[in-house]
Amino acid sequence: MRILLAEDDSVLADGLTRSLRQSGYAIDCVKNGQDADTALSTQEFDLLILDLGLPKMPGLEVLRRLRARSSLLPVLILTAADSVEQRVEGLDLGADDYMAKPFALSELEARVRALTRRGAGGGPAVVRHGPLAYDQVGRSAYINDQMLDLSARELGLLEVLLARTGRLVSKEQLVDHLCEWGEEVSNNAIEVYVHRLRKKIEVGGVRIATVRGLGYCLEKFSDAPRGAAADSK
């Protein structure tokens, strides 16, 4: 999941970024409202964490412009503890949740999990695909009830493929969803992540098909030939 964090407090932004990255999220951080509005106009994200007290453009204006573009992106607003009117206005403008500063990181992470799950369609907490089960809240995956040892990138890759089961996902789309601004991630690196994930899930008959020159597809389980060897490239 890719998150845009719009927060001008460097200490808070650094702490949130480290915490969320450790939980497996890709985080892009901007420090003013103009940069946030530009990013939201040109990039795809799964969640916006928005401080209302941003320089150059207030957070409420960023939110208003976002909703004016008919975006359904989940938004978690951060406000000062005494800014009740701002919180009400933010919710009226289309924010999905808010947290008053100061807050516990554990609570913020729980709200992030809830909002990204809602943004993915509000489906069940556990997504099942044949013998594969993915817990969207705990961000853990199982094959036949045995937990898989997946890295943060492998988990992110699995999330994207599960959300698009049976559909082609290009390498460029995977880079957009898994990587942060400034990262140099090659198509070869994406191939490595896919190869590692494939080895861990194919034991249960779950197959990631390679469409040469185009990308990858998590095959619908009923369509996957049992025992067939997956393309490892």
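Residues numbered from 1 in each chain as written. Predicted model: local features only at pLDDT ≥ 70, side-chain atom pairs only at ≥ 80, totals over all residues. Heavy atoms only, no water.

Among the nonpolar cores identified, the biggest contains 24 residues, and Leu-132, Leu-158, Leu-197 and Ile-208 are the most heavily contacted of them. Looking at this core, the elements with two or more residues in it are strand 7 (132–135), strand 8 (140–143), helix 6 (152–163), helix 8 (187–201) and strand 12 (215–218). If you tally residues by element for this core, the top one is helix 6, at six residues. The residues touching Leu-132, leaving out its near neighbours within four places in the chain, are Val-127, Ala-141, Tyr-142, Ile-143, Leu-148, Leu-158, Leu-162 and Val-206. Residues Val-30, Leu-48, Met-57 and Leu-73 belong to the second largest nonpolar core, which totals 20 residues. (Core = buried A, V, L, I, M, F, W, Y, C linked by side-chain atoms within 4.5 Å. Buried < 20%, exposed > 50% of the residue type's maximum accessible area, 1.4 Å probe, protein only. Helix = DSSP H or I, 4+ residues; strand = E, 2+ residues; numbered from the N terminus. Contact = heavy atoms within 4.5 Å.)

To continue, consider the packing of helix 3 (residues 59–68) against helix 4 (residues 84–93). At a closest axis distance of 9 Å, the pairing of helix 3 and helix 4 adopts a crossing angle of 10°. Considered as vectors, helix 3 and helix 4 are oriented roughly parallel to each other. Facing Leu-60, Leu-63, Arg-64 and Arg-67 of helix 3, the residues of helix 4 in contact are Gln-86, Glu-89, Gly-90 and Leu-93. Classifying every residue of the contact of helix 3 with helix 4 by side-chain character gives three nonpolar, two polar and three charged. (Axes fitted to C-alpha atoms, helices over the stretch in contact; angles between N-to-C directions. Parallel < 35°, antiparallel > 145°, perpendicular 65-115°, else oblique. Nonpolar A, V, L, I, M, F, W, Y, C, P; charged D, E, K, R; others polar.)

Attention now goes to unusual backbone geometry. Excluding glycine, residues mostly have negative phi values, and the peptide bonds linking residues are mostly trans. Note that the residue after Lys-101, namely Pro-102, is joined by a cis bond; omega there is -5°. If you trace the backbone, Pro-102 turns up in the loop between strand 5 (97–101) and helix 5 (105–119). The phi dihedral of Asn-144 falls on the positive side, at around 50°, and the residue is not glycine. Positive phi is not limited to glycine here, since Asp-145 has a value of about 70°. With respect to the helices, strands and loops of the structure, Asp-145 is situated in the loop between strand 8 and strand 9 (146–147).

The next point concerns the sheet that holds strand 6 (residues 126–129). Adjacent strands of a sheet pair through backbone hydrogen bonds, lying either parallel or antiparallel. With antiparallel pairing, the four strands of this open sheet are ordered in space as 6-7-8-9. The strands lining the two open edges of the sheet, one partner per strand, are strand 6 and strand 9. Judged from the four bridges that link them, strand 6 and strand 7 form a sheet pairing that is antiparallel. The residue bridging His-129 from the neighbouring strand is Leu-132, located in strand 7. Against the sheet, helix 6 contacts strand 6, strand 7 and strand 8, and its axis sits at roughly 110° relative to strand 7. (Pairing = 2+ DSSP bridges.)

This part is about the pairing of strand 8. Consecutive residues of a regular strand have side chains that alternate between opposite faces of the sheet. In terms of strand pairing, strand 7 meets strand 8 through four bridges, oriented antiparallel. Within strand 8, the position partnered with Leu-132 by the bridge is Ile-143. Bridging between strand 8 and strand 9 involves two bridges; their strand directions are antiparallel. For Ile-143, the partnering residue across the bridge sits in strand 9 and is Gln-146. What sits between the antiparallel neighbours strand 8 and strand 9 is a turn of two residues, in which Asn-144 has the positive phi angle 50°.

Looking only at helix 3, the buried set comprises Gly-59, Leu-60, Val-62, Leu-63, Leu-66 and Arg-67. The buried residues of helix 3 all sit within an arc of 155° when viewed along its axis, so they share a single face. On its buried side, helix 3 packs onto helix 2 (33–42), strand 3 (47–51), strand 4 (75–80) and helix 4. Phi for Ser-70, located one or two positions after helix 3, is positive at around 65°. (Arc of directions from axis to C-beta.)

Everything listed here is a matter of coordinates, which is why it stays silent on function.
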